[in-house]
Every structure is written in structure tokens, then in C-alpha cells.
Amino acid sequence: MKAITLRQFGTTDNFFFTETDTPAINDNDVLVKIYSTAFNPIDYQMRIGANESKRMHSHILGREFSGVVANKGKSVKDLEIGDTVYCASGSMGSNGTYAEYISVPQQILAKMPANLSFDQAAALPISALTAMQCCNRLKVSPEESVFVSGGAGGVGLVLVKILLSQGIRKIVTTAGNPGSRQELINAGLRYDQIVDYKAANAISLIIQANGNQLFDYCIDLVGRKMSELCSNIVRLNGTYVDVTAFTTEEARENLFNIGAVVVHISNYAYSLKGNFSYYGDLLRRITALVEKGVISPSPIQVVGDFELETVKKAHTLMETNQTKGHKLIMRISE
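Residues numbered from 1 in each chain as written. Predicted model: local features only at pLDDT ≥ 70, side-chain atom pairs only at ≥ 80, totals over all residues. Heavy atoms only, no water.

### A look at the overall build of the protein
Inference 1: Across its full length, the protein carries 11 helices and 15 strands.
Inference 2: Its C-alpha atoms give the protein a radius of gyration of 20 Å, near enough to 20 Å, the size a compact globule of 334 residues would have.
Inference 3: For the protein, the C-alpha atoms occupy an extent of roughly 60 × 40 × 35 Å along the three principal directions.
Inference 4: Going through the 334 residues of the protein one by one, you find that 54% of them count as buried.
Inference 5: Sequence-distant contacts, at least 24 apart, represent 69% of the contacts inside the protein between residues at least 6 apart.
Inference 6: For the protein, the computed accessible surface area is about 14500 Å², with 49% contributed by carbon and sulfur atoms.
Inference 7: Computed over 32 positive and 32 negative side-chain charges, the inter-centroid distance for the protein is 3 Å. (Helix = DSSP H or I, 4+ residues; strand = E, 2+ residues; numbered from the N terminus. Rg over C-alpha atoms; globule rule 2.2 N^0.38 Å. Buried < 20%, exposed > 50% of the residue type's maximum accessible area, 1.4 Å probe, protein only. Contact = heavy atoms within 4.5 Å. Areas by Shrake-Rupley, 256 points an atom, 1.4 Å probe, with all protein chains shown as cover. Lys, Arg positive; Asp, Glu negative; His and termini not counted. Charge placed at Lys NZ, Arg CZ, Asp CG, Glu CD.)

Here you go:
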């Protein structure tokens with residue numbers, strides 16, 4: 001099969017096309033012909049050799065995809081050749097998703113929502129799994145307030161929609177441009193629930209939007225400076241939800257001083273413990289929510305077809321923060 005491989009850590013010039021064997025399958029595996037793959041920030045972080053490269057299991061990058069079942073092991077019961085599927089493969093597949101094929105354990109696959117294209121489906125698994133994990137672990141009640149940093153991003157939009165579907169109305173989030181603000185309004189928020197994080201008095205504006213009250217929960221999808229902002233708006237013994245692992249020393253000190261509960265959301269934690277069924281079970285729930293119209297993928301941008309220039313462009317857009325809230329997609333097959 002054809003694949004785009006990383007020769008060594010560094011710039012995008014280290015990607016090259018290669019021919020390699022199509023992955024073999026064991027009894028529990030499914031071979032998928034990839035139709036679309038999505039790019040994620042962890043891709044470029046792995047490429048440059050950052051901390052995330054410790055979870056790199058293949059020189060072929062890419063961690064989520066949609067496609068068609070091409071072959072299956074004899075123990076695979078619920079999927080048939082020709083089924084359309086999607087997946088957050090992470091480090092659980094035979095290789096990354098900048099390739100024509102991937103072999104994955106049957107437990108992590110789910111059938112695609114009937115109302116999504118391959119491009120849309122490839123954009124959904126990681127963001128939706130992260131959002132669902134936040135909701136499942138926090139058990140927010142309608143009386144409690146939630147601040148979401150970066151609500152117009154892939155995870156944020158799904159998270160906001162799920163919270164609203166659960167009757168949670170005391171939500172405040174941030175947006176940095178009119179397009180992002182409109183996406184959040186389309187998701188169901190009011191104008192006064194959205195604050196420009198670039199405003200000089202952002203902290204006071206966010207608290208004001210919550211009825212001049214500190215928040216019960218701060219779900220931080222951005223990290224770094226935003227973790228410091230969150231640490232200043234969560235109430236005494238409130239909950240800070242860390243999705244990025246990018247908290248600063250100042251944020252950690254502030255959270256300690258108010259006795260905050262810190263919850264870490266880490267999707268790959270389940271694969272480290274061998275709990276593969278978590279991914280497929282949750283994806284099937286996500287499929288049902290999509291087909292009912294409760295959630296939908298973030299806006300997507302198809303960067304291009306299966307070419308080196310597509311990968312280079314996508315990595316540059318992510319690394320320079322120019323995605324404008326869109327999930328970047330590469331089409332592997334038509």
C-alpha cells in the first residue's frame with residue numbers, strides 16, 4: 001500500500017511517500033480501506049519530536065479515519081466487508097492514517113452515522129470521544145455552571161451541544177472572531193454567553209456572564225494562559241477539567257489555593273490499560289446522537305487529496321493556528 005511516512009523529527013520536509021505491505025490481520029482485527037483522515041494537533045507535535053512523540057507507534061502519522069471494511073478476522077462478528085466505519089485509532093492500529101489501509105481491533109470501530117459523509121465522519125471521533133468523556137465523568141446538574149475555554153473548537157462545539165441536550169443552560173464560553181461566535185450561536189448558545197477571550201477584562205466579563213458568580217466547573221480545552229484564566233474563575237472547591245495537560249505553574253498554584261478538584265481527561269488512558277471496548281462502545285453512542293441530530297461534526301476543511309503537499313499544508317495550518325475552527329481533512333480514496 002501507499003503511505004506518507006515521517007523520516008525523522010523536524011520540519012514537514014521530513015515526510016515522504018513510500019510503498020509498504022498492506023497490514024496483516026489477526027482473528028480479532030478488521031482491515032479498513034481508508035477514505036478520509038483528519039489531522040490533529042498531536043500530529044505536528046509528534047512530527048517535531050515534542051512530548052507527544054512518546055506515544056508514536058508508527059512512522060506513519062494520523063489518528064482518526066473513516067473508510068470501508070476490506071477484510072476481517074474470523075472472530076469479528078458485528079462488522080461485514082463493505083460496511084462503512086469510523087474510528088479514533090490512536091496508537092491502537094497497525095499504523096497511522098496517512099495511508100491507504102489500516103488494521104485495527106474490532107472493539108474500537110463503529111459503523112458510520114448514516115447521515116454523514118466520509119469527510120465529516122473522519123472529523124468526529126476524537127473530538128466527540130473527548131466531549132463525551134467530559135460529560136460522563138462530571139455529571140453536571142442543571143443548577144451548576146460551566147465555563148468552557150475554546151468552545152468553538154472541535155471538542156467544544158460537541159461538548160456544548162451535549163450539555164445543552166442534557167438540560168445544562170448555565171454555560172459560558174469564549175470565541176475570538178465573528179465566525180466562531182456564530183458557530184456557538186448555531187450550536188444553541190446566546191450571544192451573552194460568549195466572551196471574546198482577547199478582551200483586556202476577559203475575566204470580569206466571563207464572571208459577569210455567569211451572573212457575577214464563580215463557576216462550578218471550568219472545562220479547559222486550550223491550556224497554558226487559558227489555564228490561568230480558568231484558575232481565577234472557578235469557585236472554592238470547584239472543579240477544573242484539564243483536557244490538554246498544558247496547565248502552567250501559576251494555574252496549578254491558584255487551583256491548589258482554592259482546593260479545586262482537578263479532573264484529567266485523557267482518551268489514550270483507556271488504551272494503555274487495554275480497555276479497547278471503551279472506544280467502540282462510546283462511538284456507537286455518538287453515532288446514535290448524530291443520527292438523532294443532537295450533535296454534529298465541527299466545520300471541516302478538505303485540505304486536499306492523498307499527497308505530500310496536503311500533509312505539509314495541514315501541518316503548517318495547525319502549527320500556525322490558522323485552522324479557523326475547522327477540522328482539516330485529507331481524502332485518501334474516492
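### So, unusual backbone geometry
Inference 1: The backbone phi angle of Asn212 is positive, close to 60°, even though this residue is not glycine.
Inference 2: Tracing the sequence through the fold places Asn212 in the loop between helix 6 (202-209) and strand 11 (215-220).
Inference 3: The phi angle at Arg224 is positive, at roughly 50°, despite the residue not being glycine.
Inference 4: Here Arg224 lies in the loop between strand 11 and helix 7 (225-231).

### Thoughts on the layout of surface pockets
Inference 1: Of the volumes computed, that of the second largest pocket is approximately 200 Å³.
Inference 2: Lining the second largest pocket are Val76, Asp78, Leu79, Gln106, Gln107, Leu109, Ala110, Lys111, Ser277, Asp281, Arg284 and Thr287.
Inference 3: The set of elements that each furnish at least two residues to the lining of the second largest pocket consists of strand 7 (110-111) and helix 10 (277-291).
Inference 4: Per-element accounting of the lining of the second largest pocket gives the leading share, four residues, to helix 10.
Inference 5: When the residues that make up the lining of the second largest pocket are grouped by side-chain class, the tally is four nonpolar, four polar and four charged. (1 Å grid on protein atoms, 1.4 Å probe; cavity = no way out; pocket = protein on both sides within 12 Å on 5 of 7 lines; lining within 4 Å. Points joined across faces, edges and corners; volume = space filled by probe spheres on them. Nonpolar A, V, L, I, M, F, W, Y, C, P; charged D, E, K, R; others polar.)

### Concerning the packing of helix 3 (residues 125-138) against helix 4 (residues 154-165)
Inference 1: It is at 8 Å that the axes of helix 3 and helix 4 come closest, and there the two elements cross at 45°. With respect to helix 4, the axis of helix 3 lies oblique. Every pair of crossing elements has a handedness; the one defined by helix 3 and helix 4 is right-handed. Across the interface between the two elements, Ser127, Ala128, Thr130, Ala131, Met132, Cys134 and Cys135 from helix 3 touch Gly154, Val155, Val158, Leu159, Ile162 and Leu163 from helix 4.
Inference 2: Residues of the contact of helix 3 with helix 4, tallied by class, amount to 10 nonpolar, three polar and no charged. (Axes fitted to C-alpha atoms, helices over the stretch in contact; angles between N-to-C directions. Parallel < 35°, antiparallel > 145°, perpendicular 65-115°, else oblique. Left-handed = near helix turned anticlockwise from the far one by under 90°.)

### Re the packing of helix 3 against helix 10
Inference 1: Their axes nearest at 10 Å, the elements helix 3 and helix 10 cross at an angle of 95°. The orientation of helix 3 relative to helix 10 falls into the category roughly perpendicular. From helix 3, Pro125, Ala128, Leu129, Met132, Gln133 and Asn136 reach across to helix 10, where they touch Tyr278, Tyr279, Leu282, Leu283, Arg285, Ile286 and Leu289.
Inference 2: Each residue belonging to the contact of helix 3 with helix 10 can be placed in one class, and the counts come to 10 nonpolar, two polar and one charged.

It is worth stressing that arrangement in space is one thing and function is another; only the former is reported here.
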